[in-house]
Amino acid sequence: MKRVLLVLLACVLVLTGVLVVRTLRFSSRQVAAGPADPFPVDAAAAADRLAQALRHRTVAGSDGMAADDAAFQAMHAGFVKAFPRVHGQLTHEPVGAHAHLYTWPGSEPGLAPVLLMGHLDVVPAEAEATWSHPPFGGVVAEGHVHGRGALDDKGSVLAILEAVEGLLAEGYRPRRTVMLAFGADEEVGGHDGAARVATLLRERGVRLESVLDEGGPIGVGLVPGVAAPVALVGVAEKGSARVELVVRSAGGHASMPPRQTAANTLAQALVRLEEHPFPAELRGGTRALFEYVGPEMGFGMRLLFANTWLFAPVIERQMSAAPSTNASIRTTFAATMLEGSPKPNVMPSRARAVLNVRLLPGDSLEDVRVHVRDVVGDERVELVAEGDEASPVSSLDTEGWRQLQRSIRQVYPDVLVAPFLTVAATDARYFHPLSDSVYRFVPVRLTREDLTRMHGRDERLSVEEHAAAIRFYAQYLRNTTR
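The structure displayed is predicted, hence computed values, not measured ones.

> Quick question: what am I supposed to make of empty space enclosed by the protein here?
Gaps left between atoms are located by rolling a probe of water-molecule size over the structure's atoms. Enumeration over the complete set of coordinates arrives at 1 cavity of 30 Å³ or more. The volume enclosed by the largest cavity comes to roughly 50 Å³. For the largest cavity, the full set of lining residues is A150, L151, G155, S156, A159, V442, P443, V444, L461, H466 and A469. Of all the elements in the fold, those that place two or more residues in the lining of the largest cavity are helix 5 (154–169), strand 16 (438–446) and helix 15 (463–481). Per-class residue counts for the lining of the largest cavity are 8 nonpolar, 3 polar and no charged.

Written out as structure tokens, the structure reads:
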């Protein structure tokens, strides 16, 4: 017995040693970066130009409602006036109904271009009378630019244009070609804008050095256990699919129901899916997030994330407890539409449910179909699944990643940089076939309260944050093109 105890003690000591050594070797992945190059920004003038763009009601068309062509055209006319060098020196190509592609030729055309992206469309503003400032008023007040689209995503578009206009004014000429792509239907899928731009570039044989689109912000207090702000750079995004479940029956009068109706059968299927979710797995962008922020945490958390080979089940169980973190470690199902009988006293001859499915990178639509069939286990439940696969995970061993990380640290020296998984859809997903370096980042500091304004009430962007974003894009362009 003593020998067994000694062996167990030795095993515990060896395991403890391994854990501690791995934790001590779990070193920071933040890059050292010198100060950014000087780039003067007139913050007040830039805020005014953003405010003018917000006054145009460029709501994406959806549900049979067409977009307001005049609003998009008027906004672009404003861009031509506000950014004369951009429109005088860059090649401009309209794409689709309202999207735009700009090309700034580099002095070495053999180099693969860099692409900066954003979108011009916005979601509707609900309950406009309850906003502190009119959502399409473009008001500058209390140190902020107020209006729908300030954060999502006209702020980024205007900051990119401001940066390019300023670089042109300095006489800067890039070695590497720069492309700017601004979609106009991102909020409804991006099929007429970004998808067309990606197809156009692919047909021209263009291979991109890197792509930078909207994505994660500089999160202030968003990453538990990390005191410093964290620039959350999306390196992948979840896929989005629609799963439709249908059960058919004879129907009939509700006064003489069978033992099980179509609605009952469908309800049981939904309960089974809820009780048997896709398995959680710490991988891809979510694993990379902890590899970058883990070394910046206290010893206990560092030990945890330095040894995911052992503690991954613990981490996954903890993350599964909250919807926001659960979404980053598994493919999720959400029943969003239910349909049965149109009358309270008539049994449905057809019961239908629609589920919104968000696919974790590494899971496929076919995996979803197999999972649903196996879990439901009822041939009476018809299944249709269609949608977009999850994106690939962009490499963190490319010059594109290194230059992005360096640029962020130069402009925001107090900020940590970390990859993460974008759980929402962006236009960037169309460009993975053109580059191994597709990243999603909005250079703006945001708190949790700020995030509620995006697609919500009282959307706004700090005047100073907008000016800092302009300086970031200018530095990023210098770093990637000279």
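> How do you make sense of the environment of I160 when you look at a structure like this?
On the secondary structure map, I160 appears in helix 5. The spacing of I160 and S349 is 189 residues in sequence and 55 Å in space, taken between C-alpha atoms. For I160, the residues in contact, after removing those within four places along its chain, are L116, M117, L180, F182 and Y473.

> I'm lost on helix 8 (residues 284–293) in this one. Help?
Among the 10 residues of helix 8, 7 are classified as buried, and the element is accordingly described as predominantly covered. Within the sequence span of helix 8, burial applies to G285, T286, A288, L289, F290, Y292 and V293. In this fold, the buried residues of helix 8 make contact with strand 8 (230–237), helix 9 (299–306), helix 10 (308–319), helix 13 (399–411) and strand 15 (416–422).

> Quick question: what am I supposed to make of the pairing of strand 1 (residues 91–95) here?
Consecutive residues of a regular strand have side chains that alternate between opposite faces of the sheet. Looking at chain direction, strand 1 and strand 2 (residues 99–104) are connected through 5 bridges and run antiparallel. Bridged to T91 within strand 2 is T103. Two successive antiparallel strands, strand 1 and strand 2, enclose a turn made up of 3 residues, where G96 displays a positive phi of approximately 65°.

Reading guide: rules and limits
Residues numbered from 1 in each chain as written. Predicted model: local features only at pLDDT ≥ 70, side-chain atom pairs only at ≥ 80, totals over all residues. Heavy atoms only, no water. 1 Å grid on protein atoms, 1.4 Å probe; cavity = no way out; pocket = protein on both sides within 12 Å on 5 of 7 lines; lining within 4 Å. Points joined across faces, edges and corners; volume = space filled by probe spheres on them. Helix = DSSP H or I, 4+ residues; strand = E, 2+ residues; numbered from the N terminus. Nonpolar A, V, L, I, M, F, W, Y, C, P; charged D, E, K, R; others polar. Contact = heavy atoms within 4.5 Å. Buried < 20%, exposed > 50% of the residue type's maximum accessible area, 1.4 Å probe, protein only. Pairing = 2+ DSSP bridges.

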